[in-house]
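# Tertiary structure, described
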Amino acid sequence: QVQLVESGGGLVQAGGSLRLSCAASGRTFSRSAMAWFREAPGKERDFVAVINRSGGYTYYADSVKGRFTISRDNAKNTVSLQMNSLKLEDTAIYYCAAASGTSVKRSDYDYWGQGTQVTVSS
């Protein structure tokens, strides 16, 4: 019983930065691994980043390593994705998701937000 709502998407120029947030409801948020996925037009919904329950472990897709940072604040029931050095290929709808453990597989996630659009322009 977790509800997720993303925010912070928008239009940004290549090389710029954007910070996405996901607000969670439910008493079990702190027990869940949290992840970000993204879906570009005509493509699969792909893994971006994941963070474990305590925030002590993170893992990123190769395409965003060194540019994106995932973090969480369990006291506020939020997870964030700081995106720096944005590229045109980062354009997608970004979704946050919750699971019992860290994973890169869509099928392992039980709860999903509605998504927020990120558009990178040149």
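Rules used in this analysis
- Residues numbered from 1 in each chain as written.
- Predicted model: local features only at pLDDT ≥ 70, side-chain atom pairs only at ≥ 80, totals over all residues.
- Heavy atoms only, no water.
- Disulfide = S-S within 2.5 Å.
- Helix = DSSP H or I, 4+ residues; strand = E, 2+ residues; numbered from the N terminus.
- Buried < 20%, exposed > 50% of the residue type's maximum accessible area, 1.4 Å probe, protein only.
- Polar contact = N/O pair within 3.5 Å; in protein donor to acceptor, adjacent residues only side chain to side chain.
- Pairing = 2+ DSSP bridges.
- Axes fitted to C-alpha atoms, helices over the stretch in contact; angles between N-to-C directions.
- Contact = heavy atoms within 4.5 Å.
- Phe/Tyr/Trp six-rings, centres within 6.5 Å; stacked < 30°, edge-to-face > 60°.
- Lys NZ or Arg CZ within 6 Å of the ring centre and 35° of its normal.

### Observations concerning the state of the cysteines
Counted by the stated rule, this structure contains one disulfide. Paired by a disulfide, Cys22 and Cys96 hold their sulfur atoms 2.1 Å apart. Torsion about the S-S bond of the Cys22 and Cys96 cystine: about 50 degrees, corresponding to right-handed handedness. Taken together, the residues Cys22 in strand S3 (residues 18-25) and Cys96 in strand S9 (residues 92-99) connect sequence positions 74 residues apart. Judged by its relative accessible area of 1%, Cys22 is buried. Look at Cys96 and you get buried, because its relative accessible area is 0%.

### What about the environment of Ser54?
Note that Ser54 resides in the loop between strand S5 (45-51) and strand S6 (58-60). Polar contacts involving the side chain of Ser54 include one to the main-chain amide nitrogen of Gly56, which spans 3.3 Å.

### Points about the sheet that holds strand S8 (residues 78-83)
The four strands are arranged S1-S3-S8-S7 in an open sheet whose pairing can be described as antiparallel. The open sheet terminates on both sides in strands that have one partner only, identified here as strand S1 (3-7) and strand S7 (68-73). Mean inter-strand twist for the sheet, computed between neighbouring axes without regard to direction, equals 15 degrees. As defined by bridge partners, S7 adjoins S8 across six bridges and the pair is classed as antiparallel. Directly across from Arg72, in S8, lies its bridge partner Val79.

### Overview of the side chain of Arg67
As for its placement among the helices and strands, Arg67 is situated in the loop between S6 and S7. Non-local contacts of Arg67, meaning those with residues more than four positions away in its chain, are made with Gln82, Met83, Asn84, Ser85, Leu86, Lys87 and Asp90.

### Overview of the packing of aromatic side chains
The final tally for this structure, using the stated rule, is five aromatic pairs. Ring geometry for Phe37 and Tyr109: centres 5.2 Å apart, planes at 75 degrees, overall edge-to-face. With Phe37 in strand S4 (residues 33-39) and Tyr109 in the loop between S9 and strand S10 (111-112), the pair connects residues that are 72 residues apart, well separated along the chain. Given a relative accessible area of 5%, Tyr109 falls into the buried group. Connected via pairs of aromatic rings, a cluster forms that spans Phe37, Phe47, Tyr59, Tyr109 and Trp112. When the ring centre of Tyr95 is taken as origin, the NZ or CZ atom of Arg45, which lies over that ring, is 3.6 Å away. Positioned over the ring face of Trp112 is Arg45, at 5.0 Å from the centre of the ring.

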